[in-house]
Amino acid sequence: MKIAPFALLFILISAPFAQAGKEHAAELQPYNQFLVGGGSSIKGFGGTDNEVVTADLIWRHARIFGKKETGWLRGNHEFWIETSVSPIFYDTGGEDHHDFGIVGMNFLLAWVFPQTAIGEPYFLIGGGPQFIFADIPGVGSDVCGNYQTGIGTRFLVKEKHRINLEIRYHHISNLGMEEPNVPLNSVKIFAGFNLPF
């Protein structure tokens, strides 16, 4: 089963974070963010044969479930739930740019490293379900899944107000449930900010 390696990876990554979460529990407050960005699938990369350009709007709810002050796990260990809307601006078929595009949900693990001179760098990994309204040749199904990984930095503007910049590799496919199953492998760039609630 193709999703099994990702489930195993999720368990292996989250286990040490769960132990770390027992420390500093009182100061680990959830927060919300809004991100805007976009990206393009890369024709010829990983079996992708369509260039699909999207804009992306994301609402993120973040929960900090661990914080380590020392050792190799130093930093915040966070769980992010995202909902995304991705209108399509362009595709190589030229037929779908007026369609609504793609909506989805992501479940991500993030490791936010301690403050540096350029902000708080972080690493993210995860995935979730996607629903594709557009008829993208080769995708084979409206119901798909995605996995993604990325890096970013968040900058402290003032207390509890942060601006994020991040870049992600993003893979969409129908998980082999339908044929054809041509993936969309994309690179996406985002900017975001904390919401006051």
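Structure shown above.
Residues numbered from 1 in each chain as written. Predicted model: local features only at pLDDT ≥ 70, side-chain atom pairs only at ≥ 80, totals over all residues. Heavy atoms only, no water.

## Regarding the nonpolar core
One recurring pattern in soluble globular proteins: nonpolar side chains tend to sit buried together. Convention followed: Buried Ala, Val, Leu, Ile, Met, Phe, Trp, Tyr and Cys residues that are joined via side-chain atoms within 4.5 Å together make up what is termed a nonpolar core. Throughout this description, buried means an accessible area under 20% of the type-specific maximum (1.4 Å probe, protein chains only), exposed means over 50%, and partly exposed covers the range between. Residue contacts follow a heavy-atom distance rule, with two residues in contact if any of their heavy atoms lie within 4.5 Å.
Counting ten residues, the largest nonpolar core consists of Val52, Ile88, Ile102, Ile132, Ala134, Ile136, Val139, Cys144, Ile172 and Leu184. Once residues lying within four places of it in the same chain are set aside, the contact partners of Ile132 are Gly101, Ile102, Val139, Asp142, Cys144 and Ile172. Counting residues in each nonpolar core, the second largest holds nine residues, with Tyr31, Ala62, Ala110 and Leu124 among its members.

## With respect to the side chain of Ser173
What counts here: Helix and strand definitions follow DSSP, with helices as H or I runs of at least four residues and strands as E runs of at least two, each counted in order from the N terminus.
With respect to the helices and strands, Ser173 occurs in strand β8 (residues 161-173). Accessibility expressed as a relative area gives 8% for Ser173, which makes it buried. Setting aside chain neighbours within four positions, we find Ser173 in contact with Cys144, Gly145, Asn181 and Pro183.

## With respect to the packing of aromatic side chains
As a reminder, the rule being used: Between 30 and 60 degrees the pair is tilted, below 30 it is stacked and above 60 it is edge-to-face, where a pair is any two Phe, Tyr or Trp rings, Trp via its six-membered ring, whose centres lie within 6.5 Å. Two conditions define a charge located above a ring, namely a distance within 6 Å from the ring centre to NZ of Lys or CZ of Arg, and an angle within 35 degrees of the ring normal.
Using the criterion set out here, one finds six aromatic pairs in the structure. Between the aromatic rings of Trp80 and Tyr122, the centroid separation amounts to 5.5 Å while the plane-to-plane angle is 80°, which identifies the pairing as edge-to-face. Highlighted residues: Trp80 in strand β3 (residues 75-86) and Tyr122 in strand β6 (residues 120-132), separated in sequence by 42 residues. Exposure class is identical for Trp80 and Tyr122. Each is buried. The structure contains a cluster of three or more aromatic residues connected by ring pairs, namely Phe45, Tyr147 and Tyr169. Lying across the ring of Trp80, Arg60 places its NZ or CZ 3.7 Å from the centre.

## Describing the pairing of strand β7 (residues 143-158)
The two faces of the sheet receive side chains in turn, since in a regular strand these alternate between them. Threshold: One requirement defines pairing of two strands: DSSP has to find at least two bridges between them.
Here twelve bridges tie β6 to β7, and the two strands are oriented antiparallel to one another. Residue pairing across strands places Tyr122 opposite Gly152, the latter belonging to β7. Taken together, the 13 bridges between β7 and β8 define a ladder with antiparallel strand orientation. Of the residues in β8, the one forming a bridge with Phe155 is Ile163.

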